[in-house]
Amino acid sequence: MRRVLGVPRDYAWGSSSAIHRLVGSEPDGAPLAELWFGAHPTGPALTEDRATDLRALIAAEPEGTLGRDVVSRFGPQLPYLLKLIAPRRPLSLQVHPDLRRARERFAAENDAGVPLDAPWRNYRDPNHKPELVFALTTFEAVCGFRAPRRAAELLADLDAPVARSLHGVLAADPTASGMRTAFTSLLAEGTRPSPEGVAQVVAACRERVDRGSPSPRADSIVVRLAEDYPTDPGVVASLLLNPVTLRPGDSLFVPAGGVHAYLSGFGVEIMASSDNVLRAGLTSKHVDVAEVLDCVDYVAAPPIRIAPEVFHGATRVYYAPVDDFELSVTTLTDGDCAAGSRPLPGRGPRVLLSLDGELEVFTAREELTLRRGEAAFVRADDGPLAIRGTGTLVQADVP
């Protein structure tokens, strides 16, 4: 077992305090949006002594660190990335590619000579990026398309030309095809609404909130997004998407092709080890609308909330419908401490992150104490884990 240090990401939408409070570091006023605990090439976690990083450790001994099964399925690389994520402002309206598309487009950008760190590059690795968020506080998002008929109802009484146009499309064709037409009309060059058109929809939503909106969450999200992106058609596109509110302990799974935007909150995020983000709006970063529209799944579906399974009473395991990762959360109280150690589920390469308390994690050969905000990497050949103490521990592993 090796202690590891998270890699900070200072994206402008991040909170200046949430992650600092968890890990016990001093806020400096700058945003700290994410803290990465993984082996992705653009940000591998460092060992505690800073002498090496997780990617180098794995490369030096892939079968010992990952296990033969993981190497045979994913190659000599950690298949997941664990993060802390703390949006204070909305993230971009975005989608992630499936595995086939990621491989093809990554190779194409390489062949075209696009530098890996170019701001206009779409694909920074050849992997898909399904992801799961586990909420530590109330966490707000929009995710996936509403039923077209429900979206049409939301738009019906908004006194704005853009809203009336979208309503006409969805009322005439309340299918995935109609939703594709509506979404495309908002984002594509040549049909996207003018800044004035966006402002009219925002004003209509604000007026509807003031008079007692039948859809206060949807209208409030529009008004909120417009505070940061007043002319962006992505503000209007949020009316086509499902609003999501996670309470602490809830989870949300976002598959490849699922259009979404995280709005605010603090959580743990686990995903396939990828940094492929295709943006359609609500951002100052590179936007590729055509690529987004080609990737999006337009079929209406409710947000995917993963119900945990309970393991040995103290652990909740979140099994996402992918092969790359699973997440477990173990909470031990004083009563559990008196009862002795508890086994942890999982196998293969594991990343542990303490959210609270003081916990002793041990294998047959060694033990390690983790306190609030501390993390560790556990090799596959370390074998089964057990835990004792009081606190909450997050574990990422491979199913």
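Quick summary incoming for the structure in this document. (Residues numbered from 1 in each chain as written. Predicted model: local features only at pLDDT ≥ 70, side-chain atom pairs only at ≥ 80, totals over all residues. Heavy atoms only, no water.)

For the rest of this paragraph, the subject is helix α8 (residues 176-187). Working note: α-helix, 3.6 residues per turn, so residues spaced by three or four point in the same direction. With 12 residues, α8 ought to run about 16 Å at 1.5 Å a step, and its terminal C-alpha atoms sit 17 Å apart, in line with that. Burial in α8 covers these residues: Gly-178, Met-179, Ala-182, Phe-183, Leu-186 and Leu-187. Seen end-on, α8 carries its buried residues on one side only, within an arc spanning 160°. Measuring from the backbone nitrogen of Ser-177 back to the side-chain oxygen at the start of α8 gives 3.2 Å, which picks out Thr-175 as the cap. (Helix = DSSP H or I, 4+ residues; strand = E, 2+ residues; numbered from the N terminus. Expected span 1.5 Å × (residues − 1). Buried < 20%, exposed > 50% of the residue type's maximum accessible area, 1.4 Å probe, protein only. Arc of directions from axis to C-beta. Polar contact = N/O pair within 3.5 Å; in protein donor to acceptor, adjacent residues only side chain to side chain.)

With that settled, the discussion passes to the environment of Thr-175. Inspection of the secondary structure puts Thr-175 in the loop between α7 (161-172) and α8. Accessibility expressed as a relative area gives 35% for Thr-175, which makes it partly exposed. For the pair Thr-175 and Tyr-298, spaced 123 residues apart in the sequence, the C-alpha separation amounts to 8.9 Å. A distance of 3.2 Å separates a polar side-chain atom of Thr-175 from the backbone nitrogen of Ser-177.

On to the layout of surface pockets. Its boundaries defined by the atoms lining it, the largest pocket holds a volume of some 700 Å³. Looking at the largest pocket, it is lined by 37 residues, and the ones nearest its centre are Tyr-11, Asp-275, Val-277, Arg-279 and Lys-285. Where the lining of the largest pocket is concerned, the elements lending two or more residues are β3 (34-37), β5 (80-85), β11 (260-264) and β12 (267-272). Split into classes, the residues belonging to the lining of the largest pocket amount to 14 nonpolar, 10 polar and 13 charged. (1 Å grid on protein atoms, 1.4 Å probe; cavity = no way out; pocket = protein on both sides within 12 Å on 5 of 7 lines; lining within 4 Å. Points joined across faces, edges and corners; volume = space filled by probe spheres on them. Nonpolar A, V, L, I, M, F, W, Y, C, P; charged D, E, K, R; others polar.)

This next bit is on the side chain of Asp-397. With respect to the helices and strands, the residue Asp-397 is situated in strand β21 (residues 386-397). As a buried residue without a salt bridge, Asp-397 has its nearest oppositely charged side chain in Arg-347, at a separation of 6.3 Å. Dropping the residues within four chain positions of it, Asp-397 is found in contact with Tyr-80, Asp-324, Phe-325, Glu-326, Gly-346, Arg-347, Pro-349 and Arg-350. (Lys, Arg positive; Asp, Glu negative; His and termini not counted. Salt bridge = Lys/Arg side-chain N within 4 Å of Asp/Glu carboxyl O. Contact = heavy atoms within 4.5 Å.)

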